[in-house]
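# Reading the structure
So the chains spell out like this:
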Amino acid sequence: MNKFLAGLLGLAILPQTALAQDAAMGPLRPDQVAYRALYKELVETNTTLSAGSCTLAAQRMAVHLKAAGFPDADVTLYAAPDHPKEGGLVAILHGSSKTAEPILLLGHLDVVEAKREDWSRDPFTLVEENNYFYARGTSDMKAVDAAWVDALARFKQSGYVPRRDIKLALTCGEETSGAFNGAQWLAQNHRDWISAAFALNEGGGGRTDGHGRLVIQTIQVGEKAFQDYRIETTNVGGHSSIPVRDNAIYQLSEALLKIRDYEFPLKMSDTTHAFFAKAGAARNDDMGRAMIALAANPGDKAAEALVSTDRSYHSMLRTTCVATLLDGGHADNALPQRAGANVNCRIFPGESAEQTAATLSRVIGDPGVKVITKGARGPLAAPPPLDPKVIDPAEKLVAKYFPGVPLIPQMSTGATDGIFLEAVGIPVYGVPGTWVDPDGNGTHGLNERKSARSLYIGRDFLTDLVKLYADSE
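Throughout what follows, the structure given in this document is the object of discussion. (Residues numbered from 1 in each chain as written. Predicted model: local features only at pLDDT ≥ 70, side-chain atom pairs only at ≥ 80, totals over all residues. Heavy atoms only, no water.)

### Examining helix H4 (residues 182–189)
Helical periodicity: at 3.6 residues per turn, an α-helix aligns residues three or four positions apart in one direction. Residues of H4 that are buried: Gly182, Ala183, Leu186 and Ala187. Mapping the buried residues of H4 onto a view down its axis gives an arc of 135°, with all of them on the same face. Buried residues belonging to H4 abut strand E1 (75–78), strand E2 (88–93), strand E6 (166–171), helix H5 (191–194) and helix H13 (418–422). Between a side-chain oxygen at the N-terminus of H4 and the backbone nitrogen of Ala183 the separation is 3.0 Å; the capping residue is Asn181. (Buried < 20%, exposed > 50% of the residue type's maximum accessible area, 1.4 Å probe, protein only. Helix = DSSP H or I, 4+ residues; strand = E, 2+ residues; numbered from the N terminus. Arc of directions from axis to C-beta. Contact = heavy atoms within 4.5 Å. Polar contact = N/O pair within 3.5 Å; in protein donor to acceptor, adjacent residues only side chain to side chain.)

### A word on the packing of aromatic side chains
One pass over the full model with this rule turns up 18 aromatic pairs. A ring pair is formed by Phe198 and Tyr469, whose centres lie 5.2 Å apart and whose planes are at 80°; its orientation type is edge-to-face. With Phe198 in strand E7 (residues 198–201) and Tyr469 in helix H14 (residues 452–470), this pair connects stretches of sequence that are 271 residues apart. Tyr469 shares its class with Phe198; the two are buried. Measuring from ring centre to ring centre gives 6.0 Å for Tyr401 and Phe402, while their planes differ by 45°; the resulting arrangement is tilted. In this structure, Tyr401 and Phe402 share a single accessibility class: buried. (Phe/Tyr/Trp six-rings, centres within 6.5 Å; stacked < 30°, edge-to-face > 60°.)

### Notes on the sheet that holds strand E14 (residues 338–347)
Hydrogen bonds between backbone atoms are what pair the strands of a sheet, whose relative direction is either parallel or antiparallel. Taken in spatial order, the four strands line up as E12-E14-E10-E15 in an open sheet, and their pairing is antiparallel. The open sheet terminates on both sides in strands that have one partner only, identified here as strand E12 (320–328) and strand E15 (369–373). On average, each strand axis in the sheet is inclined to that of its neighbour by 25°, with strand direction left out of account. Across eight bridges, E12 lies against E14 in antiparallel orientation. (Pairing = 2+ DSSP bridges. Axes fitted to C-alpha atoms, helices over the stretch in contact; angles between N-to-C directions.)

### Examining the side chain of Asn201
Within the secondary structure, Asn201 sits in strand E7. Excluding its chain neighbours within four sequence positions, the residues that come into contact with Asn201 are Leu106, Gly107, Met141, Thr416, Asp417, Gly418, Val428, Tyr429, Gly430 and Val431.

### A look at the side chain of Lys224
Turning to its location among the elements, Lys224 is positioned in the loop between strand E9 (214–223) and strand E10 (225–234). Despite its burial, Lys224 remains without a salt bridge, the nearest opposite charge being carried by Glu351 at 8.5 Å. A polar contact is formed between the side chain of Lys224 and the backbone oxygen of Arg318, at a distance of 2.5 Å. (Lys, Arg positive; Asp, Glu negative; His and termini not counted. Salt bridge = Lys/Arg side-chain N within 4 Å of Asp/Glu carboxyl O.)

### Regarding the state of the cysteines
Within this structure, the stated rule accounts for two disulfides. Across the disulfide from Cys321 sits Cys345; the S-S distance is 2.0 Å. On the sign convention where negative means left-handed, the S-S torsion of about 115° between Cys321 and Cys345 marks this disulfide as right-handed. Linking Cys321 in strand E12 with Cys345 in strand E14, this pair joins segments that are 24 residues apart in sequence. (Disulfide = S-S within 2.5 Å.)

### Some points on the environment of Ser361
You can see Ser361 is positioned in helix H11 (residues 353–364). We classify Ser361 as partly exposed; its relative accessible area is 37%.

### A short note on unusual backbone geometry
The peptide bond linking Asp140 to Met141 adopts the cis configuration, its omega dihedral lying at -15°. Among the secondary structure elements, Met141 is positioned in the loop between strand E5 (132–134) and helix H3 (142–158). Phi is positive for Asn131, close to 70°, though the residue is something other than glycine. Residue placement: Asn131 occurs in the loop between strand E4 (127–129) and E5. For Asn131, a relative accessible area of 28% corresponds to the partly exposed category.

### Brief notes about the pattern of salt bridges
Overall, the coordinates contain 26 salt bridges when judged by the stated rule. A salt bridge links Lys301 to Glu304; its shortest N-O distance comes to 3.6 Å. Pair noted here: Lys301 and Glu304 are both in helix H9 (residues 301–307), with a separation of three residues, about one helical turn. Of the residues examined, Lys301 reaches a relative accessible area of 60% and is grouped as exposed. Each of the salt bridges in this network shares a partner with another, and the network as a whole consists of Arg29, Asp31, Asp150, Arg154, Arg459 and Asp460.

So, in structure tokens, the structure goes:
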């Protein structure tokens, strides 16, 4: 998932032209009423792994496309036989050019689990309160999914013919590890269905100051790789009444503390360099000046120390590893024969899982501690280029929709399905347009919400953005 950085900027000085984004919407246009109904249908279609069906959601979106005039040949529903509820949808709106490469609209239909007893409202009933929509998937990422389907349907109904083909791929499995992943399946089995010059996906978007003012829009250009390791110790054990220092749990604990205290070296990509330079310039405080200094000289240790006091910035500057699960021992009255921990790493682009495992082994410095590389979520992240043909149109459209708000390239420290497409040569960019508050709007947590203004204005923005790309040379 995508995977926002909560409190990403914390700007000290807000653009004077930044728009108030928490105000109520006026009367909805007829096309907005129709979009709200589509969004509601998609949000209220449960697509959790445990009890939902992405296949059903895909089928319902196909109905909208066909009602708009898409022929059966241009709308394909798919599902792997052993994962019948984790299916998806691909579609194509044909363009006028026979030589221009298509663009691809990518979105995952599945959502994180949500328990009714934990939520203030039914997580699978769309509720509108105080200018926000509440339900699981309202932000991650059914607003964008609905915008993709809505845009293609309206394009078809209006008779609009783009220069490039516009493709759509709605997939399942982004929110789970080890289950079926539709983006990976398409990349490996039907590359021709999704072939494109580049793809637009989740991962970008705006942030407010928490008080209703939009202060930044971002476009995701690259992401870290997700990799788990098992750190394990073994011992002959014995009776707990005769303890010794040679203890599997103590040995594991010492290894984990070394990992905690290790700081991976600073790295910068073209994306993060641009981020710190532009995001720093948007501030008027010591942090902003340190960000600019670090972008100018990554060896500036004083600037690095200050910038790294922000958790989000710290993670953007390096590989990070953290213990997330523990297990050990076999009886209350016995010395442990085994102890283990899961260490989750987010690996900076350009580094490998093997290199990171070797670093962990070196940092631990104990041959009795095993570092076991677990199955990868997917291929290593291959960052797309900061392509002006992608960045410039988005920047101009942000200036039109949100005067005074900068568009800044961002490397995600989370994980998206973009890695599966980038592995087969399709660059993927996380779109700006919609936005969230500094608390992340409950994404992956309780009472997930989406600002009504973000929903409707973001939908108009994305429609215009797709047309800009689809009509480009």
